[in-house]
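Results of the structural survey
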Amino acid sequence: QDIPVVLLLNNSSELQYLPARALDEKTIDRAFVWNGNSTVFVALIKLLEDRLNVDADTDTGDVRVIIVVEDSIRFYSLYLPVLYSEIMRQTQRLIHEGGNDYHSLLQMRSRPKILLASNYEEALADYSRYRDHLLGLITDIKFPREGVISDTAGFDLVRPIRKEAPTLPIMLQSSSESNRMEAERMNGFFVNKNNR
C-alpha cells in the first residue's frame, strides 16, 4: 500500500475508458497521458517524490512549495513536464560552478516542491499545511468541489488566500476568456488554456 501506482495512457482518447472511481478510490495514485515526450516520466517521478518528501524538506530545510490545482489529466500531463523542466533549469543556474558534487546535490534537493491537487479540498489542505513555505499558486478555475464540478472553484480558493497573502504570486488558468477580468481583479495572472 505504500508504493505509488501511476497509470500511463498512450493518448488522450484512452481517458474515456478510465473509470472516474479509479482515481477517487485511490486504486491508482495518478494517471498521466504520454504523447511520446520522455519528459513526462521525469515529471511523474518528481511529482511523486515531491509529495513523499515535502514534509521533511519544508520542516528541516525550509524548502519552498508551489501548489498546482488541475483536474484535467491531459492538461497536467502536458503542463507539469514543462514546469519541472523550467524549475530544474532555474535551479541549475543558481548552482555555482566549481562546487563539489555533494554541495550541488544538496542545492538541487532544495528546489521548490510541486504539489498537484485535483480538487478544492486537496488544494485547501495543501495550502493550510504549507502556507508558510508557499512560493506560488497555479490554479485552474473550474474543478471539483465537494465531488461536483464547480465553475468558480478556483476563484473560491483564491479569495481567502489572497486576503492572507496579498503579494503571493497566483496564476489562474481557464479555457474561458470570460474569466480574465475576475482573475485580474483578484490581482492574479490569467492564462487562457487554449493559447499555445
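Let us look at the packing of helix α5 (residues 120–130) against helix α6 (residues 153–164). Their axes nearest at 10 Å, the elements α5 and α6 cross at an angle of 15°. Between α5 and α6, the crossing angle belongs to the class labelled roughly parallel. Considering only the axes of α5 and α6, their crossing is right-handed. In contact with Y120, A123, L124 and Y127 of α5, α6 contributes A153, D156, L157, I161 and E164.

On to unusual backbone geometry, then. Although it is not a glycine, E146 sits at a positive phi angle of roughly 55°. One can find E146 in the loop between β6 (143–145) and β7 (148–150). When its relative accessible area of 68% is taken as the criterion, E146 is described as exposed. Unlike most non-glycine residues, N187 shows phi in positive territory, near 60°. If you trace the backbone, N187 turns up in the loop between α7 (180–185) and β9 (189–192).

For the coordinates displayed, the defined rule picks out three aromatic pairs. Taking the centre distance of 5.3 Å and the plane angle of 55° together, the rings of W34 and F41 count as tilted. Using a relative accessible area of 30% as the deciding quantity, one classes W34 as partly exposed. Assessed through its relative accessible area of 32%, F41 is described here as partly exposed. Directly above the aromatic system of Y76 lies the positively charged group of R30, at a separation of 5.8 Å from the ring centroid. The ring of F75 is capped by K193, whose NZ or CZ atom sits 4.4 Å from the centre of that ring.

Here we take up the nonpolar core. Ranked by size, the top nonpolar core spans 26 residues in total, and within it V69, L137 and L157 carry the most contacts. Residue assignment for this core shows that the elements contributing at least two residues are β3 (65–69), β4 (113–117), α5, β5 (134–140), α6 and β8 (170–174). Of the residues forming this core, the biggest block, five residues, is contributed by α6. Not counting residues within four places of it along the chain, the set of residues in contact with V69 comprises A117, N119, A123, L137, I138, T139, D140, F143 and L157. In terms of nonpolar packing, the next biggest core, distinct from the first, is built from 24 residues, F75, Y79, L80 and I87 among them.

To continue, consider the environment of N37. If you trace the backbone, N37 turns up in the loop between β2 (30–33) and α2 (39–61). One polar contact links N37 to T39, side chain to side chain, over a distance of 3.0 Å.

One open sheet holds the five strands; their spatial order is β4-β3-β5-β8-β9, and the pairing between them is parallel. A single partner strand is all that each edge strand has here, and the edge strands are β4 and β9. Across the sheet, the mean angle from the axis of one strand to that of its neighbour is 15°, orientation sign disregarded. Contacts between α2 and the sheet are confined to β3 and β4, with β4 contributing the most and set at about 115° to the helix.

Between α2 and α5, the least distance of the axes is 12 Å, while the angle of their chain directions is 25°. Our classification of the angle between α2 and α5 gives roughly parallel. Contacts between α2 and α5 involve R51, V54, D55, T58 and D59 on the former and, on the latter, D126, R129 and Y130. Of the residues contributing to the contact of α2 with α5, the split by class is two nonpolar, one polar and five charged.

Let us now look at α5. Those residues of α5 that fall on the buried side of the exposure criterion are Y120, A123, D126, Y127 and Y130. Buried positions in α5, seen along its axis, are confined to an arc of 135° and lie on one side of it. Tucked inside the fold, the buried residues of α5 contact α2, β3, β4, β5, β6 and α6. Capping the start of α5 is the job of one residue whose side-chain oxygen sits 3.1 Å from the backbone nitrogen of E121: N119.

So, how was this worked out
Residues numbered from 1 in each chain as written. Predicted model: local features only at pLDDT ≥ 70, side-chain atom pairs only at ≥ 80, totals over all residues. Heavy atoms only, no water. Axes fitted to C-alpha atoms, helices over the stretch in contact; angles between N-to-C directions. Helix = DSSP H or I, 4+ residues; strand = E, 2+ residues; numbered from the N terminus. Parallel < 35°, antiparallel > 145°, perpendicular 65-115°, else oblique. Left-handed = near helix turned anticlockwise from the far one by under 90°. Contact = heavy atoms within 4.5 Å. Buried < 20%, exposed > 50% of the residue type's maximum accessible area, 1.4 Å probe, protein only. Phe/Tyr/Trp six-rings, centres within 6.5 Å; stacked < 30°, edge-to-face > 60°. Lys NZ or Arg CZ within 6 Å of the ring centre and 35° of its normal. Core = buried A, V, L, I, M, F, W, Y, C linked by side-chain atoms within 4.5 Å. Polar contact = N/O pair within 3.5 Å; in protein donor to acceptor, adjacent residues only side chain to side chain. Pairing = 2+ DSSP bridges. Nonpolar A, V, L, I, M, F, W, Y, C, P; charged D, E, K, R; others polar. Arc of directions from axis to C-beta.

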